[in-house]
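Take a look at the letters that make up each chain.
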Amino acid sequence: MILEGERIRLRTATREDLPAYIRWHTDPEFRRYMGNGGDVFQAVASPAWDQAVLSAETKEGRLIGFVMIAKIRNVARSCELTDVGIGEKDCWDRGYGTEMVKLALGHCFRELGMHQVRISTAAYNERAERCYGRIFPHRAIHRDRVWLWEDGCFYDEVYFDILEDEFEALEKNAT
């Protein structure tokens, strides 16, 4: 599977991608935002029925990140984007994350037939909050107060969601 965007493409992650994923997760700054990567590594090595990891590449074929779709519920028609990471720091703050999320959402709604997709981030992750705020019409549908422990402090986890008709309207307005 390949999902084409303007500047990137998402494809099914393979074991050959793991060395880059591991390299990214050994960087303390990346790990602060993304965790230790255990779920992503496991999902690439042996995906469960309700998850998928998509690798993000530039149009030139450079691997820059990944998106993990998990908790796929076919009856409820819902899922979560549980990990969205750009490992190559020279690609941060260049709009790649927004494009990755939009491509993943298109896949969730069109190919997987989802009705609702949600995503969350730590309250200290301002970059992710800005990205998700541009895409998801509902911010903080749920907020777990002082849920995450990082750098000796507790932080909130902030949730966002989008429905299929809201995504269609977002795409329609983008054209």
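Presented here is a report on the structure given in the accompanying data block. Every value quoted in this text rests on a predicted model; they were computed, and no experiment measured them. (Residues numbered from 1 in each chain as written. Predicted model: local features only at pLDDT ≥ 70, side-chain atom pairs only at ≥ 80, totals over all residues. Heavy atoms only, no water.)

### Looking at the layout of surface pockets
Where we set the bar: Each cavity reported here is a set of points on a 1 Å grid over the protein atoms alone in which a 1.4 Å probe fits but cannot get out, each pocket an open set with protein on both sides within 12 Å along at least five of seven lines, and each lining residue one with an atom within 4 Å of a point. Grid points are joined across faces, edges and corners, and a volume is the space filled by probe spheres set on the points. Each helix corresponds to a stretch of at least 4 residues labelled H or I by DSSP, and each strand to a stretch of at least 2 residues labelled E; elements are numbered beginning at the N terminus. Each residue receives one of three labels: charged for Asp, Glu, Lys and Arg, nonpolar for Ala, Val, Leu, Ile, Met, Phe, Trp, Tyr, Cys and Pro, and polar for the others, Gly being one of them.
By volume, the second largest pocket amounts to about 220 Å³. Forming the walls of the second largest pocket are Leu 3, Lys 102, Leu 103, Gly 106, His 107, Arg 110, Glu 111, Leu 170, Glu 171 and Ala 174. If you list the elements that add at least two residues to the lining of the second largest pocket, you get helix 4 (96-111) and helix 6 (164-174). In terms of residue class, the lining of the second largest pocket is built from four nonpolar, two polar and four charged.

### Let's talk about the nonpolar core
Let me state the cut-off plainly: Definition of nonpolar core: a set of buried residues of the types Ala, Val, Leu, Ile, Met, Phe, Trp, Tyr and Cys, connected through side-chain atoms within 4.5 Å. Here's how the labels work: a residue is buried when its accessible area is under 20% of the maximum for its type, exposed when over 50%, partly exposed in between, all with a 1.4 Å probe on protein chains only. Residue contacts are defined here by distance: any two heavy atoms, one from each residue, within 4.5 Å place the two residues in contact.
Judged by nonpolar contacts, the single largest core of 50 residues is most densely connected at Leu 10, Tyr 21, Leu 81 and Leu 105. Residues in contact with Leu 10, not counting those within four places in the same chain, are Met 1, Ile 2, Leu 3, Leu 54, Ser 55, Ala 56, Val 67, Met 100, Leu 103 and Ala 104.

### Things to note about the packing of helix 4 against helix 5 (residues 126-135)
Selection rule: Between the N-to-C directions of two axes lies an angle of 0 to 180 degrees, each axis being a line fitted to C-alpha atoms and, for a helix, fitted only over the stretch in contact. The scheme is simple: roughly parallel for angles under 35 degrees, roughly antiparallel for over 145, roughly perpendicular for 65 to 115, oblique for anything else. Each helix crossing is assigned a hand: it is left-handed if the near helix lies turned anticlockwise from the far helix by less than a right angle, otherwise right-handed if that turn is clockwise.
One way to put it is that helix 4 packs onto helix 5 with a least axis distance of 10 Å and a crossing angle of 45°. Viewed along their axes, helix 4 and helix 5 adopt a mutual orientation that is oblique. Along this stretch, helix 4 crosses helix 5, giving a crossing that reads as right-handed. On the side of helix 4, the interface is formed by Gly 97, Thr 98, Val 101, Lys 102 and Leu 105, while helix 5 contributes Cys 131, Tyr 132, Arg 134 and Ile 135.

### Comments concerning the packing of helix 1 (residues 18-25) against helix 3 (residues 38-45)
Helix 3 packs onto helix 1 with a crossing angle of 175° between their chain directions and a minimal axis gap of 11 Å. Judged by the inter-axis angle, helix 1 sits roughly antiparallel to helix 3. The segment helix 1 lies against helix 3, with Leu 18, Tyr 21, Ile 22 and His 25 engaging Val 40, Phe 41 and Val 44. Of the residues assigned to the contact of helix 1 with helix 3, the class counts are six nonpolar, one polar and no charged.

### Some remarks on the side chain of Ser 78
Looking at where Ser 78 falls in the secondary structure, it is placed in strand 5 (residues 78-86). Taking relative accessible area as the criterion, Ser 78 reaches 18% and is therefore assigned buried. Beyond its immediate stretch of four places on either side in the chain, Ser 78 contacts Lys 71, Ile 72, Arg 73, Met 114 and Gln 116.

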